[in-house]
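Chain by chain, the residues run as shown.
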Amino acid sequence: MKKPMSLRLRLTLLCAALLTLCCLLLTLTNNLSAVQMAHSVQAVPLLPAQTAEADAHTDFPMASLEISETVRQARGIFHLQSLLAMAAVLAAGLFLIYRLVGKVLAPLDELAGQIRGRTAEDLERPLAVPDSGDEVAELARAFNQMSGRLNQVFVMQKNFSHNAAHEFRTPLAVLKTRIGLFRKKRDFRPEAVQDFLQIMEGEVDRLSAMVSSLLELTNLEQMERGERLSAEQLIQGAADELALPVAERQISVLVDVSPCTLTGNERLLHRAVFNLLENAVKYSPTGGSVHVAGRQADGVFRMEVTDQGPGIPTELRQQIFEPFFRVDDARSRQQGGAGLGLALVRAIAEVHGGAVRVEEAPSGGSRFLLELPMGPGRPDA
Ligand code: ADP
């Protein structure tokens with residue numbers, strides 16, 4: 001492949017072309033006017049002062065011939081001198097341009113050197129921004145902003161992998177210990193085998209739920225989001241699926257949704273609504289009540305899920321939507337949660353152009369608000 005020309009060389013060549021053009025034009029006009037002047041000089045009969053006697057023998061044509069020869073020589077010398085001057089000006093100009101362009105581009109070279117030395121580990125250390133206030137300073141600032149954002153993503157990914165590994169380790173450790181115990185005890189009574197299988201099944205279910213949540217989290221962008229669906233059916237369907245825990249814990253669930261059609265991915269939206277309802281039921285006290293309301297206003301569908309649970313401390317109301325975050329780690333784990341439910345709700349809402357947040361319910365519990373635009377959502381949807 002042809003080696004690309006450096007910016008310095010390109011700028012120098014461009015300036016050189018311009019300078020050459022200017023010099024050529026200047027030399028040409030100078031020479032033209034000089035020739036014109038020579039013609040005018042020649043046209044004037046410059047005669048030496050003559051006496052009356054000499055007047056009789058004056059040889060006019062000879063004098064005029066001499067003059068035109070002198071003018072011709074002078075013209076030749078002028079042409080040569082102006083060409084030499086042009087060449088000298090061009091050479092000096094090119095040298096100066098090359099040096100000056102190098103000087104102007106030096107901060108860019110320095111910036112490139114700093115950037116070249118960066119690795120994923122020191123992305124958070126900003127580049128030194130020159131106080132010139134020019135485009136180079138602007139470039140350095142833009143690079144710092146970009147590397148700041150990249151650093152955030154790297155840190156998030158690192159935390160995500162760390163937390164995911166940690167989450168997988170717990171059920172795997174339980175499985176390993178149980179298998180070891182079973183092998184050691186060699187208790188093959190049907191009840192013992194049944195117990196063992198039940199524990200195995202529980203942990204395997206937990207692992208597979210985590211894997212599907214993780215897969216869903218990473219594949220959201222690729223999912224089709226153009227289905228038309230009824231908000232009432234979506235919410236009622238999710239509430240019906242929770243009939244068993246609701247009955248077990250004697251929780252009353254009140255669903256009040258006005259008729260409205262949503263556009264999106266049915267499976268994903270069902271998952272988001274289900275997760276919010278499941279949490280409301282899971283964290284409600286036995287005998288408590290959960291209220292689900294859905295209204296449409298200003299082109300947005302708003303769903304509210306209000307419970308009588310412990311509520312979420314104000315300072316954690318953003319963090320609970322991060323993957324693997326739990327307010328009460330031990331309690332949530334005990335209830336089988338992997339801390340991915342709300343992260344999925346947020347990701348699903350965002351991929352549909354909506355949002356989710358939590359506030360304190362008047363009863364002291366939590367109120368989750370899910371907002372979804374009624375149109376096709378995000379432009380790429
Ligand atoms: P989990 O699967 O652990 O429930 P989630 O992502 O659904 O994970 O929720 C994250 C954390 O937010 C939970 O561990 C819990 O501490 C808190 N949380 C979620 N919903 C509620 C709620 N309705 N009431 C109180 N706390 C909640």
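Quick note: structure is the one above.
These notes cover the structure that comes with them.

### Observations concerning the packing of aromatic side chains
- Within the structure shown, the criterion is met by 4 aromatic pairs.
- The rings of Phe-182, Phe-188 and Phe-196 are connected pair by pair, giving a single aromatic cluster.
- The lysine or arginine in question, Arg-8, covers the ring of Tyr-98, its NZ or CZ lying 4.0 Å from the ring centre.

### Remarks on helix 10 (residues 341–351)
- Of all the 11 residues making up helix 10, 8 are buried; the element is thus mostly covered by neighbouring parts of the structure.
- Those residues of helix 10 that fall on the buried side of the exposure criterion are Leu-342, Ala-343, Leu-344, Val-345, Ala-347, Ile-348, Ala-349 and Val-351.
- Here the buried face of helix 10 lies against helix 5 (190–219), helix 8 (266–282), strand 6 (355–360) and strand 7 (366–373).
- Gly-353 lies just past helix 10 and shows a positive phi near 80 degrees.

### Some details on the side chain of Asn-151
- Along the chain, Asn-151 turns up in helix 4 (residues 135–185).
- With relative accessibility at 16%, the residue Asn-151 sits in the buried group.
- Setting aside chain neighbours within four positions, we find Asn-151 in contact with Leu-123 and Glu-124.

### Let's talk about helix 8
- Given a rise of 1.5 Å per residue, 17 residues ought to cover 24 Å, and the 23 Å separating the end C-alpha atoms of helix 8 matches this to within 8%.
- Summarising burial for helix 8: 12 of the 17 residues are buried, a large majority.
- Among the residues of helix 8, Leu-268, Leu-269, Ala-272, Val-273, Phe-274, Asn-275, Leu-276, Leu-277, Asn-279, Ala-280, Val-281 and Lys-282 are the ones counted as buried.
- Where helix 8 begins, the side chain of Asn-265 points an oxygen toward the backbone nitrogen of Arg-267, at a separation of 3.0 Å.

Parameters and conventions
Residues numbered from 1 in each chain as written. Predicted model: local features only at pLDDT ≥ 70, side-chain atom pairs only at ≥ 80, totals over all residues. Heavy atoms only, no water. Phe/Tyr/Trp six-rings, centres within 6.5 Å; stacked < 30°, edge-to-face > 60°. Lys NZ or Arg CZ within 6 Å of the ring centre and 35° of its normal. Buried < 20%, exposed > 50% of the residue type's maximum accessible area, 1.4 Å probe, protein only. Helix = DSSP H or I, 4+ residues; strand = E, 2+ residues; numbered from the N terminus. Contact = heavy atoms within 4.5 Å. Expected span 1.5 Å × (residues − 1). Polar contact = N/O pair within 3.5 Å; in protein donor to acceptor, adjacent residues only side chain to side chain.

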